[in-house]
Structure formats: structure tokens, C-alpha cells
Amino acid sequence: MRNGIVAATAASALAAALLATTAEATPASTPTDGAKPTVVLVHGGFADASASWNDVIRRLQKDGYPVVAPANPLRGLPTDAPYLASVLKSVEGPIILAGHSYGGAVITNAAAGNPNVKALVYIAAFVPDKGEQVGELLEKFPGSKIPDAVDPVPFPNPDGSTGTDLYLKADKFRGAFAGDLPVSVTNVMQAAQRPFSASSLTDVTKDAAWHDIPSWGLVAASDNAIPPALQRFEYKRANARGTAEVSGASHSVMISHPGAVTKIIERADRGTR
């Protein structure tokens, strides 16, 4: 009997703690005063949410924006886009949705049909149209160092087939991905990189939300991953309402120039009011 009472008490305490944690976490993902939209930040391949967006998040939060930076599964558009769509549905009120690199392809698909997404912001990103593949876009203009830098590593799929994860080689990482950051920083980024499935390069875009949702774009002018010429082409094709270009910026522009990235996100907010 005593053991049962102890167990019940422990269970009650755990439930109370979980409820308290949920109550504390809720305001971080939804607007509390209705004054500003929630900014959702989506990272791309070879990265994660914290390494990619920390300095941008700090600036946005300082300016009063609720921010959500979900973990992009990086398993390919058929997985990643529905996952992000589910995250967006959990956010109350208007959303400014920003994507970096491959994250741009994910937001392009995931935002389709969601009336709460008021703006799409592409940060050195892929902006595919319906029927396009990221790999095809990458071949449209010369200059990407990614094809020569990737290290393919096989992994088992749940159905028993074999997939391929793409990493960046240690000696190629900085030059291809983050050439304007200190070596001490890029060494850590390389060691902690998250691979993305090679299928992401050939997955076909099913929906292109930029046809219906206003877009903004930031060009990283010294990008060795997604050629700046491709970024300019994509933003022009999407009829971006505003663009910015950061001179000397690598593909990791949100880390090296978080102020410029924050500025265009906030510019997109003002442009939709």
C-alpha cells in the first residue's frame, strides 16, 4: 500500500512538472500580444538550427519577435516538407517563414496553402518551381564547390533499402560552406555537421508557395555553395518584393552577417502589413 502511495505521489509530481514546462514553453512559439508575427527559421543541409540561427534569433527576440527554429529532418522533400507544414500549423497567428539553402526548397513546399504564412524569406537559398529539382538548379550556373566537397556515406532505410547521406569533407568544408568565418569556428561546424539525404537533390518540388505568398531574398555575394547568379535568378523569377546582397558573404551568411539577415526578415514583416 505504501509503495502504491509513493508511486502515485511521484506520478502526480511528474505530471505537474510537465504541465508547468508546457505552460512556460508555449509563449515562446506563439505571439503573446498580437503585435508581431512569429518568425520561423528553417536551416539547410550540413547544419542544424542552433549553429545556423543563434545570432539571428537573439536579434529578433530583442526586437520583440517570437521565434521558432525547428530541426529540419534533412531526409528529403517528401519527409521534410510535411514535417515543417505540421510545425507551421502549430503556430498561432501570422508567420514570417525564412529558409536557408536547402531549407528554401522546404519552405517553398511546406508553406503552400497555409494562410498564416504572410511572407517567405530566402537566405542564400534554393527557390524551386513546381516540377524542379534542387540538383538541376545547382547546375544552372557555374561556381558551386559542393559537388567536389561531398563525402557520400550509405545508411539503411527502414524498408531495408540503402540511402546515401551527404557530408562535407573536413578539408573542403570551410571553402565550400563558410569561407568568411574563422577556422576555429568552421572546424567545430564541420565536426558537428548534420548530413542530408542525397535524395534531396532529386526530389521534385510539388508546390511552389512563392506564386501566392510574397517573397524576399538575400544574396550571399561570395557564396561557393549556391552560386550568387543562381540566387539572383531565383529571386527575380519569384518576383521578390525586396532583395539584399551582402558583399563578401559566404553561404553561412546568417552566421557571419546575422544583422543583415535579421534586417531583411524584419523588412519582410513590414512589407506585409
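In the block above lies the structure referred to throughout.
Note that the structure is predicted; figures quoted are calculated from it, not measured.

> Looking at this structure, I do not really get the overall build of the protein. What am I missing?
Summing up its helical and strand segments, the protein has 11 helices and 9 strands in all. When burial is assessed residue by residue, the protein has 48% of its 273 residues classed as buried. Residue pairs in contact within the protein that sit at least 24 positions apart in sequence constitute 72% of those at least 6 positions apart. Accessible area for the protein stands at about 12600 Å²; split by element, carbon and sulfur atoms hold 56% of it.

> Quick question: what am I supposed to make of the pairing of strand β4 (residues 117-125) here?
The two faces of the sheet receive side chains in turn, since in a regular strand these alternate between them. Counting buried residues along β4, 8 of its 9 residues qualify, which places the element largely inside the surrounding structure. Here strand β3 (residues 95-101) runs beside β4; their pairing, made up of 7 bridges, is parallel. Counterpart to L97 in the pairing with β4 is L120. For β4 and strand β8 (residues 215-220), the ladder comprises 4 bridges, and the chain directions are parallel.

> In this structure, what is going on with the environment of K206? I would like to understand it.
Looking at where K206 falls in the secondary structure, it is placed in the loop between β7 (196-197) and β8. C-alpha separation for the pair K206 and A110, spaced 96 residues apart in sequence, amounts to 9.6 Å. Setting aside anything within four residues of it in sequence, one finds K206 in contact with N109 and K130.

> When you look at the nonpolar core in this model, what are you seeing that I'm missing?
Note on soluble globular proteins: their nonpolar side chains tend to be buried together. Counting residues in hydrophobic clusters, the biggest one holds 78 residues, and the most contacted among them are L41, L84, L97, L120 and I265. Element by element, the count of residues in this core is highest for β4, at 8 residues. What I265 contacts, discounting residues up to four positions off in sequence, is V39, L41, V56, L60, I96, A98 and V121.

> Would you explain the sheet that holds strand β6 (residues 162-168) in this entry?
Picture the strands of a sheet paired through backbone hydrogen bonds; they go either parallel or antiparallel. One open sheet holds the 3 strands; their spatial order is β5-β6-β7, and the pairing between them is antiparallel. Unpaired on one side and paired on the other, β5 (150-156) and β7 mark the two borders of the sheet. Where β6 meets β7, 2 bridges bridge the pair, whose relative direction is antiparallel. Residue D165 lies in a different strand from β7, and its bridge partner there is S197.

> Would you mind showing me how to read the pattern of salt bridges here?
Two side chains bearing opposite charge may form a pair once their charged atoms approach each other closely. Tallied over the entire structure, the rule returns 5 salt bridges. The residue D269 makes a salt bridge to R273 at a minimum N-O spacing of 2.9 Å.

> Got a minute to help me understand unusual backbone geometry in this structure?
For residues besides glycine, phi is generally negative; the peptide bonds are generally trans as well. Unusually for a residue other than glycine, F46 sits at a positive phi of about 65 degrees. Within the fold, F46 resides in the loop between β1 (38-42) and α2 (49-62). Of note in this structure, S101 is not a glycine but carries a positive phi near 60 degrees. Looking at the element boundaries, S101 is found in strand β3. Accessibility expressed as a relative area gives 8% for S101, which makes it buried.

Cut-off values and rules
- Residues numbered from 1 in each chain as written.
- Predicted model: local features only at pLDDT ≥ 70, side-chain atom pairs only at ≥ 80, totals over all residues.
- Heavy atoms only, no water.
- Helix = DSSP H or I, 4+ residues; strand = E, 2+ residues; numbered from the N terminus.
- Buried < 20%, exposed > 50% of the residue type's maximum accessible area, 1.4 Å probe, protein only.
- Contact = heavy atoms within 4.5 Å.
- Areas by Shrake-Rupley, 256 points an atom, 1.4 Å probe, with all protein chains shown as cover.
- Pairing = 2+ DSSP bridges.
- Core = buried A, V, L, I, M, F, W, Y, C linked by side-chain atoms within 4.5 Å.
- Salt bridge = Lys/Arg side-chain N within 4 Å of Asp/Glu carboxyl O.

Geometric values such as these leave the question of function open.
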